[in-house]
Amino acid sequence: MTSSRLEAFSDGVLAIIITVMVLGLAVPKGTTWTDLVHTSGLGLLTYLLSFVYVGIYWSNHHHLFQLRPAVNGTVLWANLHLLFWLSLYPFTTAWLTETRVAQVPTIVYGLNLLGAAIAYTILQRMIARGPDGDRFHEAFGRDVKGIASLVLYLSGLALSFVAPWLGLVPFVIVAVIWLAPDRRVERYLRAHHGEVPAGNDEEDPAP
């Protein structure tokens, strides 16, 4: 089957995940800025962090399948495995918020982030094993940011045992380093085929 159906399904799931997360935000009972900060301040921050993560996966997922126009059953299940971990974001985010960043919820949130990262890595490996594996390796090269992210997730989990708020710092760092759009696929297609996917013809940002 073509990857377009897989991408459409994944886009729908990610949209639902974001919707569920925002519906979980507590509405201030008062009408002042103090009421907003006291009731929803932490919730807005944790929502923002999880929203950024979902956005990063959505963007990179799109780039990933630009090199794989057709998928098999293995890739489908690897993709579902990724969506499973991402679908837990509303639950772990809400628990983190409602407990005011307690230790166990922070660890569970970190495990959720780590699980999604591992699932994405597995999906990459399954795609690389396909008929377009050479193109995949040539386009992506060494996944330095991916390796660094796994190290930061583990660091955050370790720091959560010391101080939960401290454990969130590496999770935020991972989100920040992935905010810059990944242009490797566009560069590869431009260099080898003279093609740039529709809507991505802007200049690459400075490194």
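Residues numbered from 1 in each chain as written. Predicted model: local features only at pLDDT ≥ 70, side-chain atom pairs only at ≥ 80, totals over all residues. Heavy atoms only, no water.

Another point: the overall build of the chain. In terms of regular secondary structure, the chain is built from nine helices and zero strands. For the chain, the sequential pattern of α-helices and β-strands runs α-α-α-α-α-α-α-α-α. Relative to its 207 residues, the chain shows a buried fraction of 43%. Sequence-distant contacts in the chain: of pairs separated by 6 or more residues, those separated by 24 or more amount to 75%. Summing over all exposed atoms, the chain offers an accessible surface of approximately 11,200 Å²; the carbon and sulfur share of this is 69%. (Helix = DSSP H or I, 4+ residues; strand = E, 2+ residues; numbered from the N terminus. Buried < 20%, exposed > 50% of the residue type's maximum accessible area, 1.4 Å probe, protein only. Contact = heavy atoms within 4.5 Å. Areas by Shrake-Rupley, 256 points an atom, 1.4 Å probe, with all protein chains shown as cover.)

Here helix H7 (residues 144-160) contains 17 residues, and its C-alpha end-to-end distance of 24 Å stays within 8% of the 24 Å for a straight helix at 1.5 Å per residue. Of all the positions in H7, only Gly146, Ser149, Tyr153, Gly156, Leu157 and Ser160 are classed as buried. The arc enclosing the buried residues of H7, seen along the axis, measures out at 95°, which places them on a common side. In this structure, H7 carries Val144, Ile147 and Leu154 as exposed residues pointing more than 90 degrees from its buried face. Those residues of H7 hidden inside the fold are in contact with helix H2 (33-64), helix H5 (103-128) and helix H8 (164-177). (Expected span 1.5 Å × (residues − 1). Arc of directions from axis to C-beta.)

It is worth spelling out a nonpolar patch on the surface at this point. On the surface, Val162, Leu166, Val169, Val172, Ile173, Val176, Ile177 and Leu179 cluster together into a nonpolar patch covering about 660 Å² of accessible area. With respect to the element layout, valine 176 can be found in helix H8. We classify valine 176 as exposed; its relative accessible area is 51%. (Patch = residues over 30% accessible without salt bridge, like charges linked within 9 Å, V, L, I, M, F, W, Y side chains within 5 Å. Salt bridge = Lys/Arg side-chain N within 4 Å of Asp/Glu carboxyl O.)

With that out of the way, let us pick up unusual backbone geometry. Positive phi outside glycine occurs at arginine 100, with the angle close to 60°. Position of arginine 100 among the secondary structure elements: in the loop between helix H4 (89-98) and H5. Unlike most non-glycine residues, valine 101 shows phi in positive territory, near 60°. For valine 101, the location among the structural elements is in the loop between H4 and H5. Note on valine 101: relative accessible area 4%, which makes it buried.

Moving on to the nonpolar core. Tyr53, Tyr57, Leu86, Tyr89 and Tyr153 are the most contacted members of the largest nonpolar core, which totals 42 residues. Of all elements in the fold, only helix H1 (3-23), H2, helix H3 (73-87), H4, H5, H7 and H8 reach the threshold of two or more residues within this core. A per-element tally of this core places H5 first, with 11 residues. Discounting chain neighbours no more than four positions away, the residues touching tyrosine 57 are Leu82, Leu86, Tyr89, Leu113, Ala116, Ala117, Tyr120 and Tyr153. (Core = buried A, V, L, I, M, F, W, Y, C linked by side-chain atoms within 4.5 Å.)

Below, the discussion takes up the packing of aromatic side chains. Aromatic rings considered in pairs are described by the distance between their centres and by the relative angle of their planes. Counted according to the given criterion, the structure contains eight aromatic pairs. Ring geometry for tyrosine 47 and phenylalanine 51: centres 5.8 Å apart, planes at 40°, overall tilted. In this pair, tyrosine 47 and phenylalanine 51 are both assigned in helix H2, four residues apart and thus about one turn of the helix distant. Classification of tyrosine 47 as buried rests on a relative accessible area of 17%. Owing to a relative accessible area of 36%, phenylalanine 51 belongs among the partly exposed residues under this scheme. Measuring from ring centre to ring centre gives 6.4 Å for tyrosine 53 and tyrosine 153, while their planes differ by 35°; the resulting arrangement is tilted. Here tyrosine 153 lies in helix H7 and tyrosine 53 lies in helix H2, a separation of 100 residues in the sequence. Each member of the pair tyrosine 53 and tyrosine 153 is classed as buried. In textbook terms, an aromatic cluster arises when at least three aromatic residues are bridged by ring pairs, as seen for Tyr53, Tyr89, Tyr109, Tyr153 and Phe171. Here the basic side chain of lysine 145 rests over the ring of tryptophan 178, its NZ or CZ set 4.3 Å away from the ring centre. (Phe/Tyr/Trp six-rings, centres within 6.5 Å; stacked < 30°, edge-to-face > 60°. Lys NZ or Arg CZ within 6 Å of the ring centre and 35° of its normal.)

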